[in-house]
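Here are the chains, one letter per residue:
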Number of protein chains: 2
Amino acid sequence: LLLAFLPSGLTIPDPRQREALMQLEASMQTGGQTVLTDAELQLDTLLFKMKQEEMLRADFPPAMHFFKARHLIRTSPIFSLLQKMPKGGALHVHDFSMVDVEWLVKNATYRPHCYMCLTDNQSIRFIFSSRRPRPLSHCSPWNLLETVRAKMVNTTELDNSIMANLTLFTHQDPATVYPSQDVVWDRFEQIFLALWGLVTYAPVFRDYYYQGLTEIYTDNAMYLELRALLPEIYELDGSTHDTAWTLKTYQEVTRQFRADHPDFFGARIIFTVHRGVNISVMTDAVEEAMKLRRDFPEFLAGFDLVGREDKGRPLWYFRDALSLPVERGVTLPFFFHAGETDLEGTEVDQNLLDALLLNTSRIGHGFALLRHPVARDLSRKKGVAVEVCPISNQVLKLINDMRNHPAAALMSENHPVVISSDDPAIFGASGLSYDFYEAFVGFGGLRPHIAFLKEIAVNSIRYSSLAPKQQEEALALWQKKWDKFVSEITQ
Amino acid sequence: LLLAFLPSGLTIPDPRQREALMQLEASMQTGGQTVLTDAELQLDTLLFKMKQEEMLRADFPPAMHFFKARHLIRTSPIFSLLQKMPKGGALHVHDFSMVDVEWLVKNATYRPHCYMCLTDNQSIRFIFSSRRPRPLSHCSPWNLLETVRAKMVNTTELDNSIMANLTLFTHQDPATVYPSQDVVWDRFEQIFLALWGLVTYAPVFRDYYYQGLTEIYTDNAMYLELRALLPEIYELDGSTHDTAWTLKTYQEVTRQFRADHPDFFGARIIFTVHRGVNISVMTDAVEEAMKLRRDFPEFLAGFDLVGREDKGRPLWYFRDALSLPVERGVTLPFFFHAGETDLEGTEVDQNLLDALLLNTSRIGHGFALLRHPVARDLSRKKGVAVEVCPISNQVLKLINDMRNHPAAALMSENHPVVISSDDPAIFGASGLSYDFYEAFVGFGGLRPHIAFLKEIAVNSIRYSSLAPKQQEEALALWQKKWDKFVSEITQ
Ligand SMILES: [Zn+2]
Ligand SMILES: [Zn+2]
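So, a few notes on the structure that sits alongside this text. (Residues numbered from 1 in each chain as written. Chains lettered and ligands numbered in written order. Predicted model: local features only at pLDDT ≥ 70, side-chain atom pairs only at ≥ 80, totals over all residues. Heavy atoms only, no water.)

Turning to the interface of chain A and chain B, a few remarks are in order. On the chain B side, the residues contacting the 62 residues of chain A number 62 residues. Carbon and sulfur atoms make up 66% of the surface buried where chain A meets chain B, a total of about 5,400 Å² over both sides. Where chain A packs against chain B, one counts six salt bridges. A salt bridge links D354 of chain A to R18 of chain B; the shortest N-O distance between them is 2.5 Å. Applying the counting rule to chain A against chain B returns 20 residue pairs in polar contact (both at pLDDT 80 or more). Top element by residues in the side of chain A that touches chain B is helix α1 (residues 15–28) of chain A. It accounts for eight residues. (Contact = heavy atoms within 4.5 Å. Buried area = accessible area lost by both parts, 1.4 Å probe. Salt bridge = Lys/Arg side-chain N within 4 Å of Asp/Glu carboxyl O. Polar contact = N/O pair within 3.5 Å; in protein donor to acceptor, adjacent residues only side chain to side chain. Helix = DSSP H or I, 4+ residues; strand = E, 2+ residues; numbered from the N terminus.)

Once that is clear, we can look at the pattern of salt bridges. Residue and element names in this part refer to chain A. Applying the stated criterion across every chain yields a total of 57 salt bridges over all chains. Residues R111 and D207 are paired through a salt bridge, measuring 2.8 Å at the closest nitrogen-oxygen approach. Within this pair, whereas R111 is found in the loop between α5 (101–106) and β2 (114–118), its partner D207 is found in helix α10 (residues 202–218), the two being separated by 96 residues in sequence. We classify R111 as buried; its relative accessible area is 17%. Residue classification places D207 among the partly exposed residues on the basis of a relative accessible area of 34%. A salt bridge links R403 to D401; the shortest N-O distance between them is 2.8 Å. When sorted by exposure, R403 lands in the same class as D401, which is buried. In the salt-bridge network here, residues are joined through shared partners; they are E225, R227, D304, R362 and E387. (Buried < 20%, exposed > 50% of the residue type's maximum accessible area, 1.4 Å probe, protein only.)

The subject of this paragraph is the sheet that holds strand β9 (residues 300–306) of chain B. Residue and element names in this part refer to chain B. Ordered by their spatial adjacency, four strands build an open sheet running β1-β5-β8-β9, and the pairing between neighbours is parallel. Either end of the sheet is taken by a strand with one partner, and the two such strands are β1 (89–94) and β9. For this sheet, the mean angle separating the axes of adjacent strands, direction not counted, is 25°. Across four bridges, the pairing between β1 and strand β5 (residues 223–228) is parallel. Bridged to H94 within β5 is R227. Contacts from helix α10 (residues 202–218) reach β5 and β8 (266–274) within the one sheet, and its direction differs from that of β5 by about 140°. (Pairing = 2+ DSSP bridges. Axes fitted to C-alpha atoms, helices over the stretch in contact; angles between N-to-C directions.)

What follows concerns the state of the cysteines. All names here are of chain A. Counting across every chain of the model gives two disulfides over all chains. Paired through a disulfide, C117 and C139 show a sulfur-sulfur distance of 2.1 Å. Between C117 and C139 the disulfide shows an S-S torsion of about 95°. By sign, it is right-handed. Here the residue C117 occupies a position in strand β2, and C139 occupies one in the loop between β3 (124–128) and β4 (143–144), the gap between them amounting to 22 residues. In terms of burial, C117 and C139 fall into one category: buried. (Disulfide = S-S within 2.5 Å.)

Residues and elements named next belong to chain B. Listed as protein donors to the zinc ion (ligand 2) are H92 (NE2), H94 (NE2), H337 (NE2) and D422 (OD); their distances from the metal cover 2.1 to 2.3 Å. Here the zinc ion (ligand 2) is ringed by four donor atoms whose angles at the metal span 83 to 171°, and the overall shape comes out irregular. Among the residues examined, H94 registers a relative accessible area of 7% and is labelled buried. (Donors = N, O, S within 2.8 Å, 3.2 Å for Na, K, Ca; no water. Tetrahedral: all angles 85-135°; square planar, octahedral: opposite > 155°, others 65-115°.)

Below, the discussion takes up the packing of α1 of chain A against helix α15 (residues 373–381) of chain B. Relative to each other, α1 of chain A and α15 of chain B sit at 120°, their axes nearing to 8 Å. Residue-level contacts link L21, L24, E25 and M28 of chain A of α1 of chain A to P373, V374, A375 and L378 of chain B of α15 of chain B. Split into classes, the residues belonging to the contact of α1 of chain A with α15 of chain B amount to seven nonpolar, no polar and one charged. (Nonpolar A, V, L, I, M, F, W, Y, C, P; charged D, E, K, R; others polar.)

All names here are of chain B. A rise of 1.5 Å per residue sets the reference length of helix α12 (residues 279–295), with its 17 residues, at 24 Å; its end C-alpha atoms lie 24 Å apart and thus fit the reference within 8%. Every buried residue of α12 is listed here: M282, A285, V286, A289, M290, L292 and R293. One side of α12 holds all its buried residues, which, seen down the axis, span an arc of 165°. Opposite the buried face of α12, by more than 90 degrees, sit the exposed residues D284 and R294. In this fold, the buried residues of α12 make contact with α11 (243–260), β8, β9 and α13 (319–328). Measuring from the side-chain oxygen of the N-cap residue of α12 to the backbone nitrogen of S280 gives 3.1 Å; that N-cap residue is N278. (Expected span 1.5 Å × (residues − 1). Arc of directions from axis to C-beta.)

Soluble globular proteins tend to bury their nonpolar side chains together. L166, L168 and F303 of chain A together with L166, L168 and F303 of chain B are the most contacted members of the largest nonpolar core, which totals 312 residues. Apart from residues no more than four positions distant in its own chain, L168 of chain A is found in contact with F67, Y178, V184, R187, F188, I191, V395, L396, I426 and F427 of chain A. (Core = buried A, V, L, I, M, F, W, Y, C linked by side-chain atoms within 4.5 Å.)

When chain A is fitted to chain B, the best match, at an RMSD of 0.0 Å, comes from turning it 180° and sliding it 0.0 Å along the axis. What the rotation and shift describe, once combined, is the action of a two-fold rotation axis. When the interface residues of chain A are mapped onto chain B, 100% of them again fall at the interface, so both copies present the same face. (Least-squares fit on C-alpha atoms with pLDDT ≥ 70 in both.)

What follows is about the coordination of the zinc ion (ligand 1). All names here are of chain A. Surrounding the zinc ion (ligand 1) are the protein donor atoms H92 (NE2), H94 (NE2), H337 (NE2) and D422 (OD), which sit 2.1 to 2.3 Å from the metal. Around the zinc ion (ligand 1), the four donor atoms sit at angles spanning 82 to 171°, and that spread fits a shape best called irregular. Coordination of the zinc ion (ligand 1) draws on donor residues from a single chain, spaced H-x1-H-x242-H-x84-D in sequence. This pair shows no difference in class: H92 is buried, exactly as H94 is.

This is the structure:
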């Protein structure tokens with residue numbers, strides 16, 4: 001196609017040829033082939049004007065750290081439009097970071113029997129217990145929060161300080177607070193440990209997940225694929241439930257939520273295991289995943305490894321364990337995190353190719369994909385979508401300015417991509433809208449338009465783990481919401 | 001090719017297939033097809049070890065701002081190896097930033113009749129004059145530096161403050177001093193104005209250019225294509241010389257330098273005009289360029305537009321003027337700056353495509369190329385090399401972390417690329433070695449190896465404006481230097 005445009009010899013540029021090349025490029029990008037209705041075209045014009053104004057702002061939010069940009073984004077007319085927009089599914093979200101930390105503090109920590117201690121390294125831990133819990137090493141004695149708060153005139157300061165321990169978000173300069181990837185990941189992992197005792201308490205666990213679905217639903221997404229560790233959930237007397245119970249509880253709460261919100265399509269779980277474990281633990285986890293998939297075929301979407309790629313073991317290290325399902329002829333789809341790294345040329349950097357060779361269904365992050373042309377081509381040709389989480393990549397210090405995000409290049413060629421939020425609560429975000437904003441405004445400046453937004457919403461269903469028939473249903477539901485959205489905005 | 005590797009259905013990954021894909025990817029990158037001699041392979045092993053150690057450093061220089069990284073780079077064994085390496089040609093360097101500012105202050109400003117004034121906006125201006133020069137508006141009264149210095153016990157402070165006014169380099173936090181592209185570009189333009197009166201004084205002009213060649217030669221580059229404004233050069237009595245005189249002087253000094261350094265291959269000039277001018281000035285400039293090309297066919301390589309793309313006029317605005325040579329059947333090669341921008345989707349952002357449609361011989365910067373798949377393909381298929389200037393892009397705030405530089409992706413597919421330094425003195429760099437360091441260590445982590453270095457050196461000759469026969473000569477000279485370098489390092 002392109003070669004036809006190559007001028008032979010020296011010629012004066014032909015404006016029609018120029019126009020044709022510009023249109024060719026426009027047609028190649030995400031949404032470039034989408035045919036728009038009249039109403040959509042009207043909305044497109046509106047959006048273009050909003051974009052032009054946004055790009056004239058002295059502080060251009062996608063060029064700034066999200067912690068500094070958040071209050072600017074919140075006042076952006078584009079953002080409020082994106083909040084209203086039906087965004088389809090959230091395909092890359094983790095179990096421990098679905099819910100705003102304020103809910104956790106105001107709701108979870110105010111329940112009876114909630115104990116807290118302070119660790120040596122300035123983090124906090126929680127446990128709910130009917131009796132005084134046994135002391136935790138490297139932690140202060142346990143304090144019953146009910147008692148602590150009863151002695152206070154005003155608990156605001158305490159609550160704020162708990163909140164600050166459950167999120168990376170800060171009003172200080174993020175470059176100073178988190179000077180390196182090591183520092184921000186350490187803090188990130190401390191937050192997970194702080195959340196653990198709160199969220200794995202059975203009554204909180206159920207409500208937390210229901211609240212998580214509420215936040216996604218309120219943000220006008222209609223479907224979720226949740227990466228979940230499926231930990232043991234405990235009761236007040238210290239008794240615990242097994243993995244299957246946890247998965248079943250997710251399923252029950254999802255059903256309840258759908259019963260309460262009939263226009264919410266549903267949720268599925270991707271069982272995740274930490275990539276720091278040894279081969280025998282990984283083998284057991286894959287066995288467990290196959291069992292869960294057999295017992296919950298409708299609800300368990302597949303399997304993934306979590307934790308910092310740079311410090312964990314590469315996928316290839318676990319190849320035997322990860323080959324078990326194929327060896328046994330059992331279906332266990334993979335949704336591997338891969339390429340969330342700067343360590344170009346190292347063993348970890350092979351994860352992208354190995355994820356594809358292990359037949360991953362999608363790639364989590366794929367930040368390094370642009371520097372791996374073979375993996376990039378395989379991902380494109382096999383239709384393996386990249387789950388792009390812009391704010392996560394920025395907070396975890398892979399990228400500063402969203403305009404340089406590799407997904408901008410991928411989407412200029414309509415590489416299969418979905419946009420998600422990874423750990424929104426820990427990053428001070430919520431739902432999908434903030435990440436949609438960064439992608440829509442940051443990745444291609446004035447270029448992405450309404451068709452871009454439509455395509456990434458449709459992608460979130462097309463590249464979901466849903467079976468074809470379910471995808472059709474989900475698409476029909478989404479289309480109804482979309483048409484309503486377009487007509488309401490343009491009226 | 002790739003499709004042959006696509007597994008049909010679900011299979012266990014085959015280690016041989018994996019190995020083949022990894023090798024395929026390695027063979028695609030810059031240098032991936034280069035066959036190495038035994039001595040080169042030995043050097044490669046050495047380099048790989050150096051890289052591994054470099055990547056373990058707590059402060060990884062390519063991830064930092066160059067101003068903070070420079071002292072780390074200077075102590076890096078890789079850097080000292082790159083300094084010794086014969087790097088071929090510097091194809092993107094500007095006339096007013098070839099020479100270390102210390103030389104300017106210690107040499108140029110110490111000459112007799114040098115006047116300086118302080119502008120309202122904290123910059124400085126110079127003029128050499130046999131009589132007291134007329135006052136300059138928005139500037140303090142002129143001070144004869146000879147008189148000023150005579151009154152001082154110690155001139156170090158004065159000299160340092162002059163130096164600070166002639167470079168963007170600072171020991172303070174660059175993010176604080178230059179918070180935005182606007183601020184850094186304003187300062188950049190002030191520096192040009194400060195340099196103007198110093199460098200356009202005929203005696204300094206000659207010596208400055210000779211010194212500029214010396215710095216390039218000392219850094220083991222052997223050829224230069226200098227983008228030059230060819231300004232009027234003045235004498236002490238205020239008389240001035242025309243453009244042809246300036247070009248002729250460049251030619252004479254180049255000949256002198258070659259006579260003094262027979263293993264230096266030479267230099268050519270790319271005549272540049274500021275993109276802020278109007279159409280009639282541009283038309284005159286193109287006419288002038290055609291005349292100069294006719295009169296100096298061996299020495300004038302071509303034509304380009306300079307100045308900040310975001311604020312200047314797009315190439316398409318000047319299409320009639322830029323089409324004149326083709327209309328007249330006159331050869332005037334173009335070397336357009338294009339895509340040195342974040343303003344995706346705007347008129348300025350069309351420069352990349354338009355440069356190609358105007359038959360540019362190379363693209364200056366091409367920073368936005370990755371987001372323009374059509375322009376990218378045209379550049380590749382037409383063999384139009386991108387002149388990548390990593391430090392320039394970082395100092396002028398297009399990129400923070402070199403690992404995310406778009407050239408990393410381009411070079412993973414061996415897109416035609418040369419590495420250059422743009423305005424080394426203004427950025428606190430010198431020659432090519434600092435930019436080679438950023439590219440070699442920053443762009444692909446452990447992946448780029450000796451073949452990468454060899455290929456970018458060869459590219460600098462292959463994509464130069466030299467005629468085929470001259471390229472052969474230059475390559476032969478370079479190869480001799482290269483073999484000597486390899487054998488000396490590995491002995
Ligand atoms: Zn994740
Ligand atoms: Zn330049």
